[in-house]
Amino acid sequence: MATLINGKEISQKVRGEVKLETEAFKKETGITPGLAVILVGDDPASKIYVGNKKKACDEVGFNSFEYILSESTEQGELISLIEKLNADPSVHGILCQLPLPKHIDEREIIAAISPKKDVDAFHPVNVGKIMIGDYDFLPCTPAGVMELIHSAGISVAGKKCTVVGRSNIVGKPMAMLLLHENGTVTICHSKTTDLAKECRDADILVAAVGRAKLITADMIKEGAAVIDVGMNRDENGKLCGDVDFSEAEKKASYITPVPGGVGPMTIAMLMRNTLTAAKLSSKG
Ligand code: NDP
């Protein structure tokens, strides 16, 4: 039976560390880290995420600034707001909650955020820096996955790692972080011809797809570490990941649950990135 990697507990530990570091930073510099979160439209899931981010900011001692804009907000208005926040010294991190309404060009919005305040690490400058292994911020979800892997004492070097999913926000950077730690990495996607085989080869399997129970126990190598990034609803409306958890846990050596695995880590890493941004800005 697999050992459960408890993301809730590990994320609390990270948040506790950020809180302590924030207190010390405030004492030393007089600066309170500030995170601005922009939400366009009223997607209920996004509203919950934004609320959780505000709560986390309060908990670790950051200022948080919320901008809730209507669904009909024009691209130009959003860019003007971002430019204002780029120039505001009390704002160290800027996050624009995705997805954005269809009439807004997501790439342009991400590119408008100052790379120094891009605590999601989605700006092309930060993506390039991650590629060459010389970065200030890592994207929150893949960074959270690495934290879970480290906390469980799993070594990546020399291991076969399979990442299922190749999105810019999860799959691709996830693969890059595993590569930086000397894993031998395979990236799978919807056109992969034999997904089951690629998964079965993996010592470390990361599922980031968004399809409930796509990864079944027969696709998992005996003793593999299985990290489930997916967030889906099952047939009963219950939150679940991409992995068929109840069967997979009988085969894996380590596994993350959904909920309580990767999810809580994402916000914890956002707090860490915001503190990093504040520290960088204090150095000028
Ligand atoms: P995207 O929809 O952007 O990407 C999904 C990826 O899965 C694509 O690369 C797609 O391939 C691939 N895929 C789709 N179907 C299959 C299939 N049958 N076999 C193999 N690959 C497939 O999703 P995201 O990366 O944004 O998110 C992935 C999941 O992670 C979602 O459930 C999301 O909710 C969750 N998530 C969780 C977070 C957390 O904090 N826990 C944070 C962010 C996301 P192709 O490129 O070929 O289309």
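Remember, predicted model here, so these are calculated numbers, not experimental data.

**Observations regarding the pairing of strand S4 (residues 93-96)**
And step 1. By the alternation rule, side chains of S4 split into Gly 93 and Leu 95 and Ile 94 and Cys 96, which are all buried.
And step 2. Pairing geometry for strand S2 (residues 34-40) and S4, over four bridges, is parallel. By the bridge assignment, Val 37 is partnered in S4 with Leu 95.

**Observations regarding helix H2 (residues 44-60)**
And step 1. The end-to-end C-alpha separation of H2 is 25 Å, in line with the 24 Å expected for 17 residues at 1.5 Å each.
And step 2. For H2, the complete set of buried residues consists of Ser 46, Val 50, Lys 53, Ala 56, Cys 57 and Val 60. An end-on view of H2 places all buried positions within 120° of arc, on one side of the element. Facing away from the buried side of H2 by over 90 degrees, the exposed positions are Pro 44, Ile 48 and Lys 55.
And step 3. Tucked into the core, H2 has its buried residues touching helix H1 (7-29), S2, strand S3 (63-69), S4 and helix H10 (262-282).
And step 4. Looking at the residues trailing H2, positive phi occurs at Gly 61, about 90°.

**Overview of the packing of helix H6 (residues 140-151) against H10**
And step 1. Here H6 crosses H10 at 110°, and the two axes come no closer than 8 Å. It follows from the interaxial angle that H6 and H10 lie roughly perpendicular. Each of Cys 140, Thr 141, Ala 143, Gly 144, Val 145, Glu 147 and Leu 148 in H6 lies in contact with H10, whose residues at this interface are Val 262, Met 265, Thr 266, Met 269, Leu 270, Arg 272 and Asn 273.
And step 2. Tallied by class, the residues present in the contact of H6 with H10 amount to eight nonpolar, four polar and two charged.

**Details of the nonpolar core**
And step 1. One finds Ile 149, Leu 178, Ile 204, Val 206 and Met 271 to be the most contacted residues of the largest nonpolar core, which totals 52 residues.
And step 2. Tallying contributions element by element places H10 first for this core, with ten residues.
And step 3. When residues no more than four places from it in sequence are discounted, the contact partners of Leu 178 are Met 146, Ile 149, Val 156, Cys 161, Val 163, Gly 183, Val 185 and Val 206.
And step 4. Counting residues in each nonpolar core, the second largest holds 18 residues, with Cys 188, Leu 195, Ile 215 and Ile 255 among its members.

**Overview of the pattern of salt bridges**
And step 1. Applying the stated rule across the entire model yields ten salt bridges.
And step 2. Lys 250 is the partner of Glu 247 in a salt bridge, and the nearest nitrogen-oxygen pair spans 3.1 Å.
And step 3. The class for Glu 247 is partly exposed, based on a relative accessible area of 36%.
And step 4. Judged by relative accessible area, which is 48%, Lys 250 ranks as partly exposed.

Cut-offs and rules
Residues numbered from 1 in each chain as written. Predicted model: local features only at pLDDT ≥ 70, side-chain atom pairs only at ≥ 80, totals over all residues. Heavy atoms only, no water. Buried < 20%, exposed > 50% of the residue type's maximum accessible area, 1.4 Å probe, protein only. Helix = DSSP H or I, 4+ residues; strand = E, 2+ residues; numbered from the N terminus. Pairing = 2+ DSSP bridges. Expected span 1.5 Å × (residues − 1). Arc of directions from axis to C-beta. Contact = heavy atoms within 4.5 Å. Axes fitted to C-alpha atoms, helices over the stretch in contact; angles between N-to-C directions. Parallel < 35°, antiparallel > 145°, perpendicular 65-115°, else oblique. Nonpolar A, V, L, I, M, F, W, Y, C, P; charged D, E, K, R; others polar. Core = buried A, V, L, I, M, F, W, Y, C linked by side-chain atoms within 4.5 Å. Salt bridge = Lys/Arg side-chain N within 4 Å of Asp/Glu carboxyl O.

That is the geometry; function is a separate question.
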